[in-house]
Each structure stands twice: as structure tokens, then as C-alpha cells.
Amino acid sequence: MTSTPFGRMITAMVTPMHSDGSIDFDSLQRLASHLADNGHDGLVVNGTTGESATTTDQENIDTVRAVVEAVGDRVRVTAGVGTNDTAHSVAAAQALASVGAHAVLIVTPYYNKPTQDGVIAHFRAVAQSTGLPAMAYDIPGRTGTALASDTIRRLAEIDEVVAVKDAKGDLFAASELMAQTGLLWFSGDDPLNLAWLAQGASGLVSVVGHVAGRQYAELIAAVDRGDLQRAREIHTGLIPLVDALMNTSQGAIMAKAALLELGVIESDFVRLPLLPATDEHRAKLRAALETIKS
């Protein structure tokens, strides 16, 4: 696969934690190595799935440093730096760049609902603070503010902003923007991975990739060579797993449950307000994991 500054098969990593809530750095590095060994050429650290809403600035620095130390010579490490405070995001971007992040992921500011001009000013300040390749994350279901098409066109004029992670799901509007801007596009919603790739997305930023990295790498390769029959077979085969991880409770919760089930991490502890997976959801997850065993 021809790569990008972020990779193409990317998982938004969970942050493994001990049962007391502290970060389990041994499991973190083991997980990063596991993903690098299983189809990944990129990782996102400190994103939403990494529970960034409840980790501290110092924990984020230590987490990125540990992942870069473990796999930074094998995969591209993108650090989540987005907050709803521009000055805070600038400081985070600079700190995480200083410990080896290769790129940054900037989410649309949430809760305070800035104007589109404010969103652009935020992205410009954060992206230009390091000079690293930046991916804009459009997920209005969480942030309350969508990136308008005109806003994305203007973001494309910022040299450092070279990609969009799309969890908005407007496939037609995105296809127009891809053609107009030249931005790299990444699926940010596992149920739509095949649809995004089929219309020209560069890759995936996945949650299900925690346990299906090889399958998704094959999916990307199949689309690249025009083998849509094989791509559909892979997509169809992963439906139970996508359903179990993405349509039960919450991605970080279910990804940790899956990794614990597979013995990759030691605990599936999540920080409040998240709660561990229920017995019902774990049963559905185990059944789904059985479907991908070779």
C-alpha cells in the first residue's frame, strides 16, 4: 500500500489502564506492537477512543512517548491534540510533537459551538503551531458542530491541514470535496469503511481495527486493485464484529473488552463516566470474535 503521512490502516488506540485507573504502560506498548504486527501502518494515540476526555496532559505526553518508543520506527503515530480551548490545544500539539508524534489529529471544538470562522482560526492556530501534518476530525455527533463544506475548502488552504477524518457520513458531499481540495480522506466510522474506500478515501481510522487490522488492511488492498468482490466479502465477514463493537455501548468500552478477551491487555478498566461492558454485550462480543477466527 502507498502510505500517507498518517498511514492508511490506522486504529484509534484505547489507553489500557490498571484496575485502579492508572495507565498501564506495559499493556500500552504491547498493544501498540500487536497492532503494528497485525496490519497497521498508523496509530492514533490520545483520541476519543483513548479516553482523551479524562486523561491529563502529562498522561498524554507519557502515552505518546511510550507508543513512539515501542513502534515509532514501524508505524506513523498521530497524536490527538484537539480540545475546545485553542491555547490548550496549541500547547498539547507542541508537547506531543516534542516527544516524537509524527502528525496531529485536531477535532472540531466541542460544547462552546464556535462559528465556522472560529473553527478555521482554531485549526489554523493548532496546525501551524508544530508544522506537523494535521488531520481535521469532523464528528458533529460528539462535538455539536459540523465542518461545513466551505469550511473544509478553506482548511485545505492551510499547508499543514492535509487530511480529514470523517465521522459525519455525508458521502456525496465528501466525494465533491475530495475532488475539489485534494485532501486525504479517512473513514472515521467503521460501518462505512467500504463505502468510503470505494469512493476514494485514503484509509481508515478505526476502532474495530483493534481486532481486525489484518482484515481491514486486506480490504484497503482489495479496493486499491479494483477487486470489489473481495472487498465486499471482507466487509460482510466483519459485520458481526462491527455490530458488536460499534452498536452496543461505546467504542472504547467494547474495544477494551475485546482486547481483554484476546489477552492483549490486562484489564478493561475505563474511567468514569464510562462503565465496563455488560455481560450481555460481552456475550455478543465473544460470538462476534468467533466469526473471525481462522
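In this text the structure is predicted, and so the values were computed from the model without any measurement.

What about the sheet that holds strand β1 (residues 9-12)?
Part 1: Strand order around the closed barrel formed by 8 strands is β1-β2-β3-β4-β5-β6-β7-β8, with parallel pairing between neighbours. The mean inter-strand angle of the sheet, taken between neighbouring strand axes irrespective of direction, is 25 degrees.
Part 2: Where strand β4 (residues 103-107) and strand β5 (residues 134-138) come together, 4 bridges link them in parallel fashion. Within the sheet, the bridge partner assigned to L105 lies in β5 and is M135.

Structural notes on helix α11 (residues 239-246)
Part 1: Within α11, burial applies to L241, V242, A244 and L245. In a view along the axis of α11, the buried residues occupy a sector of 165 degrees, so they form one face of it.
Part 2: In this structure, the buried residues of α11 make contact with α9 (209-224), α12 (251-261) and α13 (279-290).

What to know about the packing of helix α2 (residues 57-71) against helix α3 (residues 86-98)
Part 1: Axis separation between α2 and α3 bottoms out at 10 Å; the angle between their running directions is 30 degrees. Taken together, the axis directions place α2 and α3 in an arrangement best described as roughly parallel. As for how α2 packs across α3, the hand of that crossing is right-handed. Across the interface between the two elements, D57, N60, I61 and V64 of α2 pack against H88, A95 and L96 of α3.
Part 2: Residues belonging to the contact of α2 with α3 are distributed by class as follows: 4 nonpolar, 2 polar and 1 charged.

Looking at the packing of aromatic side chains
The geometry of an aromatic ring pair comes down to the distance between the two centres and the angle between the two planes.
Part 1: Tallied over the entire structure, the rule returns 1 aromatic pair.
Part 2: Centroid distance F6 to F186: 5.9 Å. Interplanar angle 80 degrees. Geometry classified as edge-to-face. Of the two residues, F6 is situated in the segment before β1 and F186 in strand β7 (residues 184-187); the sequence distance between them amounts to 180 residues.
Part 3: According to the relative accessible area criterion, F6 is buried, its value standing at 0%.
Part 4: Here K165 stacks its cationic end above the ring of Y137, 3.9 Å away from the centre of that ring.

Observations concerning the UniProt feature "binding site: pyruvate" (unreviewed entry) in the protein chain
Part 1: Here the UniProt feature "binding site: pyruvate" (unreviewed entry) sits at T49 and V205. A maximum C-alpha distance of 10.7 Å is found for the annotated residues, which run over 157 residues; spatially they form one tight group.
Part 2: With respect to the element layout, T49 can be found in the loop between β2 (42-45) and α2.
Part 3: Classification of T49 by relative accessible area gives buried; the value is 10%.
Part 4: Contact partners of T49, with chain neighbours within four places excluded, come to A12, M13, V14, T15, V207, H210, G251 and A252.
Part 5: Along the polypeptide, V205 turns up in strand β8 (residues 203-206).
Part 6: Taking the relative accessible area as the measure of exposure, V205 reaches 4% and is therefore buried.
Part 7: Setting aside anything within four residues of it in sequence, one finds V205 in contact with I10, A12, V44, M135, K165, F186, S187 and G188.

With respect to the UniProt feature "active site" (unreviewed entry) in the protein chain
Part 1: With numbering aligned to this structure, UniProt lists the feature "active site" (unreviewed entry) at Y137 and K165. These annotated residues cover 29 residues of sequence, but their C-alpha atoms sit close together, with the largest distance between any two at 4.7 Å.
Part 2: On the secondary structure map, Y137 appears in strand β5.
Part 3: A relative accessible area of 6% places Y137 in the buried class.
Part 4: Among residues more than four places away in sequence, those in contact with Y137 are T48, L105, I106, V107, T108, F123, K165 and A167.
Part 5: Secondary-structure assignment places K165 in strand β6 (residues 161-166).
Part 6: With a relative accessible area of 6%, K165 lands in the buried category.

Reading the values: rules and limits
Residues numbered from 1 in each chain as written. Predicted model: local features only at pLDDT ≥ 70, side-chain atom pairs only at ≥ 80, totals over all residues. Heavy atoms only, no water. Pairing = 2+ DSSP bridges. Helix = DSSP H or I, 4+ residues; strand = E, 2+ residues; numbered from the N terminus. Axes fitted to C-alpha atoms, helices over the stretch in contact; angles between N-to-C directions. Buried < 20%, exposed > 50% of the residue type's maximum accessible area, 1.4 Å probe, protein only. Arc of directions from axis to C-beta. Contact = heavy atoms within 4.5 Å. Parallel < 35°, antiparallel > 145°, perpendicular 65-115°, else oblique. Left-handed = near helix turned anticlockwise from the far one by under 90°. Nonpolar A, V, L, I, M, F, W, Y, C, P; charged D, E, K, R; others polar. Phe/Tyr/Trp six-rings, centres within 6.5 Å; stacked < 30°, edge-to-face > 60°. Lys NZ or Arg CZ within 6 Å of the ring centre and 35° of its normal. UniProt positions renumbered as here; feature names shortened; annotations may be inferred.

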